[in-house]
Amino acid sequence: MRAGLLILADDIFLDDVAGIAQAAQFRLLDIVALDQAMLRLDMQVGCDVILLFCTHPSVMLERLLVQVETLAVQNDMAVILVAGLDTVDLAFACMRSERTQLLCTPDHADLAAALLTAGGTTPQRALHEVNQESEGVRLQQLSEEVSRLARTLEALTARPRHAMPSFALGPRISDRASDYIGMPAVEPIGEQRAPAKEATLGAAQVRDMLRARRLREDFLPADLFADPAWDMLLDLLAARLEQERVSVSSLCIASAVPPTTALRWIRTLTDKGIVHRQADPHDGRRVFIALTDDTAEALTRWFTASRRFLCG
């Protein structure tokens with residue numbers, strides 16, 4: 001039997017959403033308005049995946065997110081949260097299940113990949129077949145399946161008579177930020193200066209490196225230099241030196257990639273123990289991201305080593 005999909009959203013047309021569910025090989029259970037979602041979740045049975053569009057702040061959104069995540073943990077249920085820039089911090093703070101995927105202003109390919117992951121629609125093969133098949137071939141097949149579904153979603157949502165929520169990528173999130181404009185330059189380091197230590201490394205020097213990385217895009221194609229993990233780590237190091245805290249949404253801006261891509265990297269860095277979550281003691285609806293002590297030490301040692309090479 002196909003996986004059952006429950007969609008919680010406002011302003012979504014039934015035929016468009018039904019088409020998306022069909023393209024992703026789901027059995028659409030229902031489409032429920034957000035103001036009725038909590039009541040429906042209390043009565044819902046036989047649901048495999050919940051797709052929640054929580055793009056706009058509201059007084060009941062936190063309770064709804066907690067309810068959805070509680071169900072996900074209790075029933076081993078897959079959840080896809082589609083947040084906006086105004087709600088991504090709250091959604092991230094409420095996440096508890098390892099099977100929850102958080103998207104922020106996703107494009108069609110992002111949504112297609114999330115649906116495939118949640119529903120397990122990628123063809124399953126016997127163990128011996130998987131062992132015989134190379135990793136590259138399996139990844140290629142997954143990529144082709146995501147592309148197929150993305151094209152289907154594009155066709156379904158391209159009809160002008162509908163008002164399907166937009167998944168257009170639009171400009172990169174960093175294009176709307178001014179965090180890297182007018183950063184101070186690194187002071188020259190003389191040969192007589194002692195090797196840098198953590199105490200001598202300043203936030204201005206870290207941000208100057210970020211600024212230099214942005215300047216590459218003025219001379220060469222920007223898509224050659226996507227390195228969100230490194231940009232995030234540098235931003236977190238600068239914030240640590242400034243004794244500032246970094247929210248999820250701010251870290252997405254620092255990554256200079258689409259926010260859904262940034263969220264994937266944040267999760268990867270967290271899973272690997274490179275960064276960790278910090279609860280906001282003044283607001284339970286927000287979580288900060290910070291470097292672990294080991295990562296901060298490693299980055300500081302890297303700066304020391306790199307300055308030796310650069311300055312002789």
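As a reminder, the structure under discussion sits directly above these lines.
In what follows, the accompanying structure is described. (Residues numbered from 1 in each chain as written. Predicted model: local features only at pLDDT ≥ 70, side-chain atom pairs only at ≥ 80, totals over all residues. Heavy atoms only, no water.)

### Quick look at the pairing of strand E5 (residues 100-104)
1) Next: In terms of burial, E5 is a largely internal element, five of the five residues being buried.
2) Next: Across five bridges, the pairing between strand E4 (residues 78-83) and E5 is parallel. Bridge pairing links Ile-80 to Gln-101 in E5.
3) Next: In this fold, the crossover linking E4 to E5 by way of helix H4 (residues 88-94) has right-handed handedness. (Buried < 20%, exposed > 50% of the residue type's maximum accessible area, 1.4 Å probe, protein only. Helix = DSSP H or I, 4+ residues; strand = E, 2+ residues; numbered from the N terminus. Pairing = 2+ DSSP bridges. Right-handed = clockwise from strand over helix to strand, strands pointing away.)

### What about the sheet that holds strand E3 (residues 49-54)?
1) Next: Spatial ordering of the open sheet is given by E2-E1-E3-E4-E5, a layout of five strands whose pairing is parallel. Either end of the sheet is taken by a strand with one partner, and the two such strands are strand E2 (27-32) and E5. Neighbour-to-neighbour, the strand axes of this sheet turn through a mean angle of 15 degrees, independent of strand direction.
2) Next: Looking at chain direction, strand E1 (residues 4-8) and E2 are connected through five bridges and run parallel. Opposite Leu-8, over in E2, you have Val-32 as the bridge partner.
3) Next: Packing of helix H5 (residues 108-119) onto the sheet brings it into contact with E3, E4 and E5, and relative to E5 it is tilted by some 175 degrees. (Axes fitted to C-alpha atoms, helices over the stretch in contact; angles between N-to-C directions. Contact = heavy atoms within 4.5 Å.)

### Some thoughts on a nonpolar patch on the surface
1) Next: Together, Leu-215, Phe-219, Leu-220 and Leu-224 make up a nonpolar patch on the protein surface, roughly 440 Å² of accessible area in all.
2) Next: Among the structural elements, Leu-220 can be located in the loop between helix H8 (203-215) and helix H9 (228-242). (Patch = residues over 30% accessible without salt bridge, like charges linked within 9 Å, V, L, I, M, F, W, Y side chains within 5 Å. Areas by Shrake-Rupley, 256 points an atom, 1.4 Å probe, with all protein chains shown as cover. Salt bridge = Lys/Arg side-chain N within 4 Å of Asp/Glu carboxyl O.)

### Structural notes on the environment of Ser-247
1) Next: By secondary structure assignment, the location of Ser-247 is in strand E6 (residues 246-247).
2) Next: Take Ser-247: its relative accessible area is 7%, and that puts it in the buried class.
3) Next: The sequence separation of Ser-247 and Arg-277 amounts to 30 residues, and the corresponding C-alpha distance is 9.7 Å.
4) Next: Setting aside anything within four residues of it in sequence, one finds Ser-247 in contact with Asp-89, Arg-286, Val-287 and Phe-288.
5) Next: A distance of 3.0 Å separates polar atoms of two side chains, one belonging to Ser-247 and the other to Ser-250. (Polar contact = N/O pair within 3.5 Å; in protein donor to acceptor, adjacent residues only side chain to side chain.)

### Points about the packing of aromatic side chains
The geometry of an aromatic ring pair is captured by the separation of the ring centres together with the interplanar angle, meaning the angle of the planes.
1) Next: Scanning the entire structure with this criterion turns up two aromatic pairs.
2) Next: Both rings, one in Trp-230 and one in Trp-302, keep their centres 5.0 Å apart while their planes meet at 80 degrees; by these two values the pair is edge-to-face. Pair noted here: Trp-230 is in helix H9 and Trp-302 is in helix H12 (residues 293-311), with a separation of 72 residues, a long-range link.
3) Next: What makes Trp-302 partly exposed here is its relative accessible area of 33%.
4) Next: These aromatic residues form a ring-pair network of at least three members: Trp-230, Trp-302 and Phe-303. (Phe/Tyr/Trp six-rings, centres within 6.5 Å; stacked < 30°, edge-to-face > 60°.)

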